[in-house]
Every structure is written in structure tokens, then in C-alpha cells.
Amino acid sequence: LRTMDRDRAIAFLDWFFGEARQLGLKVLIDSEGDPEWMTLLVRRYGDIIHRFELENEILLRGFSNDDLARWQTQYQAIKAVKPDLPIHLTADGKMGVFERGRRLGLLTDAIGYHTYRHAYEKDPGWVESQIPVALSGASYASSRNMECLLTEFNWKGLTPLSPAARASAYRDIFTNILAPRAFAEFYQFQLQETLAPNPIIARSGIRHY
């Protein structure tokens, strides 16, 4: 959207956020781009933006000093418009990247967390791994006096199972990710078996989001 003609992008966003307002929903937004783009979003839609994630999953691969400077500028620009809007960055359970950020002065209001597991039918034991994974994020966030947010979660590989087996798998998966009560907020990423993205050209098949 940020690379589109600005009037067309705003027309779409006005419609999208208008629908959210009509439904009484809040929005978790993540975006990249220059501070002018991000502050435009916050000025125009800040009444229903619940959180702002800087550059989706950007900590998965670590970061450079240039990255750090860019995020600091983005963070400060958004806060200048809406000081009470929570802003965070996200990794995938590797808390070391947040600790490095802390030592270098990285600005974040929460510990963002995404976790995916695949091939349930081949290795159901992976379900149990969710408990220590969840607790590691919560423990680190607590040490920083922050909340741990699980803002993307899914499990691929359930589609081949029968409906009855799938229901049992769902129970086990969600029990183990939720039972530790590790996350202040939990977002399931879509709610259906999906062919988006097209498995012929992207990813590795149907995902249950």
C-alpha cells in the first residue's frame, strides 16, 4: 500500500478501517516505510489502532546498527503523534535478539513473538514443545517488565487428517500454547484452511491459520 498511488492507498485504508469501526474492532497494524507514512496511518486511524508492529517479524534474522537507527526514528515519530500507542518488534522465540537490542538501546514496548509448527501427523511430540517455548518468552518479557505478545500462530499439516482427528489435534495444540498463560495477547493468524498463498507457487502447501 505504501508504494501505491497515495490517494488510492488512502481510499482503500479508509474503507478497511471504516469497516473495522462499524464492527467495533481494533486493529494491530504492522508496516515498514519512512516515518511520514507511519505517522500518516497513526494520525488518520489512531482511534482504532490497538498496537503498531514495526516491520513485520524484523528481528528473525538479527539486526545491524542501520536497522536500529531506522527503528528508533520510526518509534519516536509514532510516539510524537500518539504517545500512548504501544509499539513493538517481533522475533520467533529467540530472546537473545531482544537482549542484544536492550543493550544497544532498542525501543520497544513489548516482546513480540511469532511461532509456527508443521507436520503434526509426522511428529505430534512437537505439540509439547509449545509449553517451554511459551514460557521462555514470558519469562524474558517479565524480566523486562513487559508483556509477551503472540501475534501470529498456526500449525500446518492438519488438512490431511480426518475431521475427528483434526479436532483432537486442535485441542492438544491450543491447550499447550494457552495453558501456561504466558501471553498477554494471543492472535490466531486467519481462521480457515487457506489456499492463500497459492501452494503451487509459494510456501509448501495448505496452511491451517
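Everything discussed here concerns the structure shown above.
About the thresholds
Residues numbered from 1 in each chain as written. Predicted model: local features only at pLDDT ≥ 70, side-chain atom pairs only at ≥ 80, totals over all residues. Heavy atoms only, no water. Patch = residues over 30% accessible without salt bridge, like charges linked within 9 Å, V, L, I, M, F, W, Y side chains within 5 Å. Areas by Shrake-Rupley, 256 points an atom, 1.4 Å probe, with all protein chains shown as cover. Salt bridge = Lys/Arg side-chain N within 4 Å of Asp/Glu carboxyl O. Helix = DSSP H or I, 4+ residues; strand = E, 2+ residues; numbered from the N terminus. Core = buried A, V, L, I, M, F, W, Y, C linked by side-chain atoms within 4.5 Å. Buried < 20%, exposed > 50% of the residue type's maximum accessible area, 1.4 Å probe, protein only. Contact = heavy atoms within 4.5 Å. Expected span 1.5 Å × (residues − 1). Arc of directions from axis to C-beta. Pairing = 2+ DSSP bridges. Right-handed = clockwise from strand over helix to strand, strands pointing away. Phe/Tyr/Trp six-rings, centres within 6.5 Å; stacked < 30°, edge-to-face > 60°. Lys NZ or Arg CZ within 6 Å of the ring centre and 35° of its normal. Axes fitted to C-alpha atoms, helices over the stretch in contact; angles between N-to-C directions. Left-handed = near helix turned anticlockwise from the far one by under 90°. Nonpolar A, V, L, I, M, F, W, Y, C, P; charged D, E, K, R; others polar. Parallel < 35°, antiparallel > 145°, perpendicular 65-115°, else oblique.

**Student:** I'd like a description of a nonpolar patch on the surface, backed by residues and values.
**Tutor:** Taken together, Leu1, Met4, Phe12, Trp15 and Phe16 make up a surface patch of nonpolar side chains, about 480 Å² in accessible area. Take Phe16: it is sitting in helix H1 (residues 6-23).

**Student:** An account of the nonpolar core is requested, with residue identities and associated values reported.
**Tutor:** Among the nonpolar cores identified, the biggest contains 50 residues, and Phe52, Leu54 and Leu59 are the most heavily contacted of them. Residues in contact with Phe52, not counting those within four places in the same chain, are Leu28, Ile29, Ser31, Met38, Val42, Ile78, Leu85, Pro86, Ile87 and His88.

**Student:** Which residues make up the pattern of salt bridges, and what values go with them?
**Tutor:** Throughout the structure, instances matching the rule amount to 14 salt bridges. Salt-bridge contacts for Arg70 lead to Asp67; the nearest nitrogen and oxygen are separated by 3.2 Å. Taken together, the residues Arg70 and Asp67, both in helix H3 (residues 65-81) and three residues apart, mark about one turn of the helix. Among the salt bridges present, the one from Glu99 reaches Arg102, with a minimum N-O distance of 2.5 Å. Note that Glu99 and Arg102 are positioned in helix H4 (residues 96-104) at a spacing of three residues, about one turn of the helix. Judged by its relative accessible area of 18%, Glu99 falls in the buried class. On the accessibility criterion, Arg102 (39% relative accessible area) is partly exposed. Several salt bridges converge on common partners, so that one network encompasses Arg51, Glu147 and Glu185.

**Student:** Would you mind going over helix H6 (residues 163-178) in detail, with residue names and values included?
**Tutor:** The end-to-end C-alpha separation of H6 is 22 Å, in line with the 22 Å expected for 16 residues at 1.5 Å each. What H6 keeps buried is the set Arg166, Ala169, Ile173, Asn176 and Ile177. One face of H6 carries all of its buried residues, which in axial projection span an arc of 105°. Turned more than 90 degrees off the buried face of H6, the exposed positions are Pro163, Ala164 and Arg171.

**Student:** Explain the pairing of strand S3 (residues 87-91) to me, using residue names and the numbers behind them.
**Tutor:** Burial analysis of S3 places five of its five residues in the buried class, which makes it a mostly covered element. Burial of S3 is two-sided: the residues Ile87, Leu89 and Ala91 facing one way and the residues His88 and Thr90 facing the other way are all buried. Note: strand S2 (residues 49-54) against S3, two bridges, orientation parallel. Looking across to S3, one finds that Glu53 is bridged to His88. Where the polypeptide runs from S2 across H3 and back to S3, its parallel neighbour, the crossover connection is right-handed.

**Student:** Could you give me a rundown of the packing of aromatic side chains, with the residues and numbers involved?
**Tutor:** Taken as a whole, this structure holds 10 aromatic pairs when the rule is applied. The side chain of Arg100 reaches across the aromatic face of Phe63, ending 4.3 Å from its centre.

**Student:** Help me get a handle on the packing of H1 against helix H2 (residues 35-45), residues and values and all.
**Tutor:** Between H1 and H2, the least distance of the axes is 11 Å, while the angle of their chain directions is 40°. In this structure, H1 meets H2 at a crossing whose hand is right-handed. From H1, Arg6, Ile10, Leu13, Asp14, Phe17 and Arg21 reach across to H2, where they touch Glu36, Trp37, Leu40, Leu41, Arg44 and Tyr45. Tallied by class, the residues present in the contact of H1 with H2 amount to seven nonpolar, no polar and five charged.

**Student:** Any chance you could break down the pairing of S2 for me, citing the residues and the numbers?
**Tutor:** Counting buried positions along S2 yields five of six residues, so the element is predominantly enclosed. Crossover handedness for the path strand S1 (residues 27-31) to H2 to S2: right-handed.

**Student:** Could you give an account of the packing of H2 against H3, with specific residues and numbers?
**Tutor:** Where H2 contacts H3, the axes come no closer than 9 Å and their chain directions differ by 30°. Classified by the interaxial angle, the pair formed by H2 and H3 is roughly parallel. Note that H2 runs across H3; the crossing there is right-handed. On the side of H2, the interface is formed by Pro35, Met38, Thr39, Val42 and Arg43, while H3 contributes Thr73, Gln74, Ala77, Ile78 and Val81. Residues of the contact of H2 with H3, tallied by class, amount to six nonpolar, three polar and one charged.

From the geometry alone we can't say anything about function, so treat these as descriptive.
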